[in-house]
Amino acid sequence: IKWIAQISVLIFLLFFLYASFRYSLNQTGQNSATLPVSMFWFYFSLPIGALLMIFQQIFSFFQGE
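Residues numbered from 1 in each chain as written. Predicted model: local features only at pLDDT ≥ 70, side-chain atom pairs only at ≥ 80, totals over all residues. Heavy atoms only, no water.

(A) Molecular detail of the overall build of the chain. Helix and strand content of the chain: three helices and zero strands. Helices (α) and strands (β) of the chain occur, in sequence order from the N terminus, as α-α-α. Based on the C-alpha atoms only, the size of the chain along its principal axes is roughly 45 × 15 × 10 Å. By residue count, 22% of the 65 residues in the chain fall in the buried class. (Helix = DSSP H or I, 4+ residues; strand = E, 2+ residues; numbered from the N terminus. Buried < 20%, exposed > 50% of the residue type's maximum accessible area, 1.4 Å probe, protein only.)

Below you can see the structure in the form of structure tokens.
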């Protein structure tokens, strides 16, 4: 049961990584209202966080936690 749960979370995180990366790429033409920065950089935190969670999930899967 634990392996099924970990694999399910990993599949969800992979989907989230793909979807959030595509979403952040769509925001490249939009600038922030208050800062002269593209909104891409704000939304790019989503795929970065997903990637870090994927690494954590893989490490915990192989450590048997």
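(B) Looking closely at helix H3 (residues 45-63). For H3, spanning 19 residues, the distance from its first C-alpha to its last is 27 Å, which sits close to the expected 27 Å at 1.5 Å a residue. On its buried side, H3 packs onto helix H1 (2-26) and helix H2 (40-43). (Expected span 1.5 Å × (residues − 1). Contact = heavy atoms within 4.5 Å.)

(C) The environment of Trp3, seen in detail. Within the secondary structure layout, Trp3 lies in helix H1. Put simply, Trp3 and Phe61 are 58 residues apart on the chain and 7.7 Å apart in space, counted from C-alpha to C-alpha.

(D) The environment of Phe40, seen in detail. Counting through the fold element by element, Phe40 comes out in helix H2. As a C-alpha pair, Phe40 and Leu25 span 15 residues in sequence and 6.4 Å in three-dimensional space. With sequence-adjacent residues up to four places away left out, Phe40 is seen in contact with Ser24, Leu25, Gln27 and Thr28.

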